[in-house]
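The chain contents come next:
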Amino acid sequence: MTLETPLKSGQAATIHSASIVGLAACVPPRTVGNDHFPEQFGDDVADVTKMTGVVTRRWVDETTTTADLCVAAGEKLLADIDWDPASVDALIFISQTPDYRLPATAAVMQPRLNLRPGIIAFDVNLGCSAYPYGLWLAMSMVQTGAARRVLLAVGDTSSRVVDPTDRATAMLFGDAGTVTAIEYDEEAAAAHFILGTDGRGSNNLIIPCGGFREQTHEKTSNEQDKLFMDGGEIFTFTLKAVPTLVSETMQVAGKTADDYDHFLFHQANTFMIQHLAKKAKLPGEKVPINIDAFGNTSSATIPLLMCDKLGDELVSGCVRLGMFGFGVGYSWGGASIDLGKLKSAALITL
């Protein structure tokens, strides 16, 4: 891994000898349309829809977890790419909706995926920036020799933590789980990353209780156990951080916008994505959007977007992608990655 000089947008790194073999995404079967909300929010539904772009979203039931979605995606992926589960050396689970506070959800998922005892398995707590961070972490492990084959599970079931009376979040979020397979490949093209954090904005997108800072012993659904989002502050942060992240990610990779096939943004909301693309001077036709069908699936948005909008393209040829995750933390990550002909880019329903 080559470490670069710190940039305005964050820390830069270049990774060699690691490639993405395939990925799969899983969404729950329940589709929730905007006709679910008029009784709660009345005329506000149209205004929220216009801003976010969300028309439908997928929600889990009360017993389904992020791990369930990721396990289904992982089983599909392993079958598609013909990996023996015994050949997997590491499992990374990145989410902010784990099965438990302890143990690590990765440990629970390891036997469910029939992965052998003795592998590396751990959780990472990240949301909107999770996929670039996760690819950097998994590829770093491969490059250093810690693991030759890694499964990166990334997903969230945010519908289970939103406040149903809060229009800012109740209509925005959807659920999804994804798994990506990364392995050692000495012929792999270099992958470039920029990663950054500014925790001064951490209180603007937060679930105040549930950890140990603000414990509650009430068994009722206290509003502090639900997701709080200051949309205005998040939007301001995004407009400041992301255009620079886009330009510096391309700078680190030595590329221009013309060199990329697609630019994949975290699906925060439609207006924001279109505004960011315009501000970064990216061609609109290279910026796919699917938040209208799935909502904001937090950590899963980029890999879900890949399977949903680019699946056929990813399995049929070589593609260069720019990826940009940003939000809760505040945290952000950019990636410039060349993908060969993938063995899988499947989207399934649980």
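Residues numbered from 1 in each chain as written. Predicted model: local features only at pLDDT ≥ 70, side-chain atom pairs only at ≥ 80, totals over all residues. Heavy atoms only, no water.

Caption draft 1: Region of interest: the sheet that holds strand 7 (residues 120-124). With respect to topology, 6 strands assemble into an open sheet ordered 7-6-8-9-3-16, the strand pairing being mixed. The strands lining the two open edges of the sheet, one partner per strand, are strand 7 and strand 16 (345-349). Sheet twist, expressed as the mean angle between neighbouring strand axes with direction ignored, is 15 degrees. The pairing of strand 6 (residues 90-94) with strand 8 (residues 149-157) spans 5 bridges and is classified as parallel. (Pairing = 2+ DSSP bridges. Helix = DSSP H or I, 4+ residues; strand = E, 2+ residues; numbered from the N terminus. Axes fitted to C-alpha atoms, helices over the stretch in contact; angles between N-to-C directions.)

Caption draft 2: Examining helix 7 (residues 231-253) more closely. Across its 23 residues, helix 7 extends 32 Å between first and last C-alpha, which sits within 8% of the 33 Å expected from 1.5 Å per residue. Taken as a whole, helix 7 carries its principal kink of about 30 degrees at Thr238. Of the residues trailing helix 7, Gly254 is marked for its positive phi of about 70 degrees. (Expected span 1.5 Å × (residues − 1). Bend = angle between axes of the 7 residues up to and from the residue.)

Caption draft 3: A look at the environment of Gln40. Tracing the backbone through its elements, the reader meets Gln40 in helix 1 (residues 38-41). Under the relative-accessibility criterion, Gln40 is labelled partly exposed at 45%. Taking the C-alpha atoms as reference points, Gln40 and Asp166, 126 residues apart in sequence, are found 9.4 Å from one another. Non-local contacts of Gln40, meaning those with residues more than four positions away in its chain, are made with Pro164 and Thr165. (Buried < 20%, exposed > 50% of the residue type's maximum accessible area, 1.4 Å probe, protein only. Contact = heavy atoms within 4.5 Å.)

Caption draft 4: Geometry of the packing of helix 7 against helix 8 (residues 270-279). Where helix 7 meets helix 8, the closest approach of the two axes is 10 Å, and the angle between their N-to-C directions is 30 degrees. Classified by the interaxial angle, the pair formed by helix 7 and helix 8 is roughly parallel. At the point where helix 7 passes helix 8, the crossing takes the right-handed sense. Along the contact surface, helix 7 presents Phe235, Thr238, Leu239, Val242 and Pro243, while helix 8 presents Phe271, Met272, His275, Leu276 and Lys279. When the residues that make up the contact of helix 7 with helix 8 are grouped by side-chain class, the tally is 7 nonpolar, 2 polar and 1 charged. (Parallel < 35°, antiparallel > 145°, perpendicular 65-115°, else oblique. Left-handed = near helix turned anticlockwise from the far one by under 90°. Nonpolar A, V, L, I, M, F, W, Y, C, P; charged D, E, K, R; others polar.)

Caption draft 5: Structural detail: unusual backbone geometry. Following Leu102, the chain continues to Pro103 via a peptide bond in cis, the omega torsion being 10 degrees. Cis geometry is adopted by the peptide bond preceding Tyr330, which originates at Gly329 and carries an omega value of -20 degrees. Counting through the fold element by element, Tyr330 comes out in the loop between strand 14 (319-327) and strand 15 (331-339). A positive phi angle, near 60 degrees, is found at Asn114, a position not held by glycine. Counting through the fold element by element, Asn114 comes out in the loop between helix 4 (105-112) and strand 7.

Caption draft 6: Focus on the pattern of salt bridges. In total, this model carries 7 salt bridges according to the counting rule given. Here Arg116 and Asp89 are joined by a salt bridge, their closest N and O atoms 2.9 Å apart. Of the two residues, Arg116 sits in the loop between helix 4 and strand 7 while Asp89 sits in the loop between helix 3 (66-81) and strand 6, which places them 27 residues apart along the sequence. Residue Asp89 is classed as buried on the basis of its relative accessible area, which comes to 18%. A salt bridge links Arg200 to Asp198; its shortest N-O distance comes to 2.9 Å. The exposed category is assigned to Arg200, whose relative accessible area is 77%. The partly exposed category is assigned to Asp198, whose relative accessible area is 22%. (Salt bridge = Lys/Arg side-chain N within 4 Å of Asp/Glu carboxyl O.)

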